Amino acid sequence: YVFEHLMPKMDLKNVHNSAIMLYPTIWVMKSLGLYMEMLEVFVSYVVEPFDEHLGEGSFTFCLPVYDPIMMLLDLCDTKETECENFEDFLSWALEEENLRFGTVINYSLGGLGRDCNSIASEICLLLATRNELEAVEKRATKEALVRNGLVVARESMEFVIEQKMHAAQLQVEPVLEALEALADELNLEV
């Protein structure tokens with residue numbers, strides 16, 4: 001309904017409204033395994049209209065989370081195959097300051113189903129569990145991803161519990177549990 005009836009009626013110049021309308025649907029579509037379908041919708045109704053109508057140097061409230069959303073959906077879709085943007089995603093996730101989005105955006109989007117920090121944590125988890133990092137010489141990279149993801153996932157969990165964001169809590173719980181299990185497996189103390 002959202003994609004077929006509501007989105008076509010949206011003014012494409014109002015990228016913020018489109019992003020807010022689609023944000024809760026991202027998590028539903030992701031849970032159904034419809035990663036690429038959601039990515040295509042997100043790009044066509046949010047990313048491309050932003051580039052076309054606002055362009056470089058412009059800003060909208062949700063802009064900081066556009067790339068992480070696309071990264072997450074891409075990584076979910078390519079779990080079993082090669083991810084052509086793997087190195088770029090890896091570089092992004094290894095910089096811990098990229099993984100925190102701030103209270104205002106986390107509060108606003110957390111109320112719509114998921115805080116942004118948990119998105120970053122899941123990106124770290126998905127990268128750390130990829131075959132590309134199974135080689136012994138990649139262990140330090142894997143550990144750094146788990147450490148970064150776990151620290152931010154814990155912060156995310158604390159935030160969503162404090163704010164009573166139950167839907168957002170349900171999103172971060174499995175990510176946090178998986179990162180904790182991976183840290184135990186790697187004998188990491190975080």
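Relevant structure appears above.
Note that the coordinates shown come from a computational prediction; the quantities given were computed from them, not determined experimentally. (Residues numbered from 1 in each chain as written. Predicted model: local features only at pLDDT ≥ 70, side-chain atom pairs only at ≥ 80, totals over all residues. Heavy atoms only, no water.)

A. The pattern of salt bridges, seen in detail. Counted according to the given criterion, the structure contains seven salt bridges. Across the salt bridge formed by Arg100 and Glu155, the nearest N and O atoms sit 2.7 Å from each other. Of the two residues, Arg100 is situated in the loop between helix 5 (86-94) and helix 6 (103-110) and Glu155 in helix 8 (residues 139-162); the sequence distance between them amounts to 55 residues. Look at Arg100 and you get partly exposed, because its relative accessible area is 33%. On the basis of relative accessible area, Glu155 is assigned to the partly exposed category, the value being 33%. If you follow the salt bridges from partner to partner, you end up with Lys30, Arg114 and Glu122 in one network. (Salt bridge = Lys/Arg side-chain N within 4 Å of Asp/Glu carboxyl O. Helix = DSSP H or I, 4+ residues; strand = E, 2+ residues; numbered from the N terminus. Buried < 20%, exposed > 50% of the residue type's maximum accessible area, 1.4 Å probe, protein only.)

B. View of the packing of aromatic side chains. As enumerated under the stated definition, the model contains three aromatic pairs in all. Seen in terms of ring centroids, Tyr23 and Trp27 are 5.4 Å apart; in terms of plane orientation they differ by 80 degrees. Their pairing is edge-to-face. Of this pair, Tyr23 and Trp27 are both found in helix 2 (residues 15-31), four residues apart, which corresponds to roughly one turn of the helix. A relative accessible area of 6% places Trp27 in the buried class. (Phe/Tyr/Trp six-rings, centres within 6.5 Å; stacked < 30°, edge-to-face > 60°.)

C. Expanded view of the packing of helix 3 (residues 35-54) against helix 4 (residues 63-77). Relative to each other, helix 3 and helix 4 sit at 155 degrees, their axes nearing to 10 Å. By the angle between their axes, helix 3 is roughly antiparallel relative to helix 4. Of the two possible hands of crossing, helix 3 and helix 4 adopt the one that is left-handed. Here Tyr35, Met36, Met38, Leu39, Phe42, Val43, Val46, Val47 and Phe50 of helix 3 lie close against helix 4, whose contacting residues are Leu63, Tyr66, Ile69, Met70, Leu73, Cys76 and Asp77. (Axes fitted to C-alpha atoms, helices over the stretch in contact; angles between N-to-C directions. Parallel < 35°, antiparallel > 145°, perpendicular 65-115°, else oblique. Left-handed = near helix turned anticlockwise from the far one by under 90°. Contact = heavy atoms within 4.5 Å.)

D. Highlighting the nonpolar core. Within the largest apolar cluster, 67 residues are counted, with the highest numbers of intra-cluster contacts made by Phe42, Tyr66 and Ile123. The set of elements that each furnish at least two residues to this core consists of helix 2, helix 3, helix 4, helix 5, helix 6, helix 7 (116-128), helix 8 and helix 9 (166-185). No other element matches helix 3, which puts ten residues into this core. Dropping the residues within four chain positions of it, Phe42 is found in contact with Leu22, Ile26, Val47, Tyr66, Ile69 and Met70. (Core = buried A, V, L, I, M, F, W, Y, C linked by side-chain atoms within 4.5 Å.)

E. Geometry of the packing of helix 7 against helix 9. Interhelical geometry of helix 7 versus helix 9 gives an angle of 40 degrees and a closest axis separation of 10 Å. The angle between helix 7 and helix 9 places the two elements in the oblique class. The hand of the helix 7/helix 9 crossing is left-handed. When helix 7 is examined against helix 9, the residues Ser118, Ser121, Glu122, Leu125 and Ala128 are found in contact with a partner set consisting of Val172, Val175, Ala178, Leu179 and Leu182. Class assignment for the residues of the contact of helix 7 with helix 9 results in seven nonpolar, two polar and one charged. (Nonpolar A, V, L, I, M, F, W, Y, C, P; charged D, E, K, R; others polar.)

F. Focus on the side chain of Asn106. Of note, Asn106 is situated in helix 6. Looking at Asn106, its side chain comes within polar contact range of the main-chain oxygen of Gly102, at 3.0 Å. Dropping the residues within four chain positions of it, Asn106 is found in contact with Phe101, Asp115, Cys116, Asn117, Phe159 and Met165. (Polar contact = N/O pair within 3.5 Å; in protein donor to acceptor, adjacent residues only side chain to side chain.)

G. Highlighting the environment of Trp27. Taking the C-alpha atoms as reference points, Trp27 and Ala168, 141 residues apart in sequence, are found 9.9 Å from one another. Contact partners of Trp27, with chain neighbours within four places excluded, come to Leu72, Leu112, Gly113, Arg114, Ile119 and Gln171. One polar contact links the side chain of Trp27 to the main-chain carbonyl oxygen of Tyr23, over a distance of 3.2 Å.

So far we have only geometry, and geometry alone does not tell us how the molecule works.
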